[in-house]
Amino acid sequence: MTHRTDVVVIGGGQSGLAAGYHLRRLGIEHVILDAQTAPGGAWQHTWDSLHLFSPAPYSSLPGRLMPPQPGQLYPDADHVVAYLADYEKRYELPVQRGVWAESVHRDGEYLRVQTDCGSWQTRAVVSATGTWTRPFIPAVPGRREFTGRQLHTVQYRAPGEFAGQRVIVVGGGNSGAQIAADLAGTAELTWVTQRPPRYLADDIDGRALFDAATARRRALDSGRTDTGGVASLGDIVAVPPVRAARDAGFLMAKPMFTRLIATGIQWADGTRAEVDAVIWCTGFRPALAPFSALRLRGARGHIATEGTRAIDEPRLHLLGYGDWTGPASATLIGVGRPARDAALQIHDLLT
Ligand code: FAD
């Protein structure tokens, strides 16, 4: 069966909802297709203790402030899921759940989105598929030899199942620091990072990241030098549990090991250590598989964009993957501005 609409948004997490908000404001007919059966995007699947690194009002989508979570300066993931569920209801966003977009094709003046529930003929597509479905693990020698347990951030839930085990956490970003802090005191923890961890100063949180992203956007908009944005501040937000674990001496990061062996790891000096589990907090890649038929991907696997618009396919916009689709666009508060820009450009395209 073929459906028709002016715009198909693929992905119904925060980025897809922000796109829907602005498309609706402009009166553009659209549908939001989301593979999940419930609202909340990736926030439904994070580990139990995850808290935002910004207070609620600094974690808001366009139009509606996130209400504070009673007793928590930094809301937890359940609070974000509840906020996103309320958001899509409040704005009556046309989300269709349990629909997997398999591929996008050119079809004359239209694009055709092929899904597992039929196809959609449309005049523009917004890709808001996120990164959570594409966990990345680096090619470290010996990965297949190791007989212990290996998991990625996406599979980690809580420290209890690792009680007393020798666990290596790999990765010096926020996920690595937070999961290492979560395990500290429960598991026999070793934290390894490719370079020494860089913490933001303790008295600043995600608000400063957003300010830095805003400064970068303003600099770029006015043709001034790139300020470096959030990357210039450091990687790890010292949220209270991370700060506590660090100050208690649990987060003494070691340089990366050179290889995995059957029973553990080998350090650069040749010494070996026995390990029960390795948790790879090594990031994600954008989930762009549905667009492979459009042949838009460049050397780094990204689709070249100008703002959110794909340079080689102006009917396609990409939203929420990181700085390459708009400063801070992979955050709750940061996605509103690129979503608005995308909706305005689509409006121009359609009229
Ligand atoms: P997602 O939430 O991943 O949503 C994408 C949706 O698209 C999903 O529902 C998915 O199932 C669906 N989908 C994917 N492919 C298809 C397809 N082919 N067809 C149909 N549906 C599809 N941000 C903040 O603002 N503050 C924070 O404190 C913060 N902390 C973070 C901590 C961690 C550990 C991580 C990993 C991220 C954090 N972020 C934070 C970043 C950011 O808010 C999230 O990554 C966010 O989930 C990205 O939203 P999204 O809508 O782009 O993608």
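Worth saying up front: this structure is predicted, and the values here are computed from it rather than measured.

Enquirer: Can you lay out the sheet that holds strand S13 (residues 272-274) for me, pointing to particular residues and giving the numbers?
Expert: Judged by pairing direction, the sheet is antiparallel, and its three strands sit side by side in the order S11-S12-S13 without closing on themselves. In this open sheet, the two edge strands, each paired with only one partner strand, are strand S11 (259-261) and S13. The mean angle between the axes of side-by-side strands here comes to 30°, regardless of whether they run parallel or antiparallel. Bridge count between strand S12 (residues 264-266) and S13: three bridges; the pairing is antiparallel. Within the sheet, the bridge partner assigned to glutamine 266 lies in S13 and is arginine 272.

Enquirer: Tell me about the packing of helix H1 (residues 14-25) against helix H6 (residues 336-350), and name the residues and values.
Expert: Packed helices, taken two at a time, are described by the angle their axes make and the gap between the axes. Close contact between H1 and H6 brings their axes to 8 Å; oriented N to C, the two are set at 45°. When the interaxial angle is binned, H1 and H6 end up oblique. Seen from above, H1 lies across H6 with right-handed handedness. Counting all contacts with H1, which are made through Ala18, Ala19, His22 and Leu23, the residues of H6 involved are Gly336, Ala339, Arg340, Ala343 and Ile346. Of the residues contributing to the contact of H1 with H6, the split by class is six nonpolar, two polar and one charged.

Enquirer: So, the domain arrangement of the chain: which residues are in play, and what are the values?
Expert: Considered domain by domain, the chain is made up of domain 1 (2-133 + 284-350) and domain 2 (149-199 + 235-280). Centre-to-centre separation of domain 1 and domain 2, based on C-alpha positions: 32 Å. At the junction of the two partners, domain 1 supplies 12 residues and domain 2 supplies 13 residues. Together, the buried faces of domain 1 and domain 2 total about 1000 Å²; carbon and sulfur atoms form 65% of this surface. Counting the surface domain 1 buries against domain 2, the share from its top three residues, Trp47, Phe53 and Phe284, is 54%.

Cut-offs applied
- Residues numbered from 1 in each chain as written.
- Predicted model: local features only at pLDDT ≥ 70, side-chain atom pairs only at ≥ 80, totals over all residues.
- Heavy atoms only, no water.
- Pairing = 2+ DSSP bridges.
- Helix = DSSP H or I, 4+ residues; strand = E, 2+ residues; numbered from the N terminus.
- Axes fitted to C-alpha atoms, helices over the stretch in contact; angles between N-to-C directions.
- Parallel < 35°, antiparallel > 145°, perpendicular 65-115°, else oblique.
- Left-handed = near helix turned anticlockwise from the far one by under 90°.
- Contact = heavy atoms within 4.5 Å.
- Nonpolar A, V, L, I, M, F, W, Y, C, P; charged D, E, K, R; others polar.
- Domains from an automatic or database assignment.
- Buried area = accessible area lost by both parts, 1.4 Å probe.

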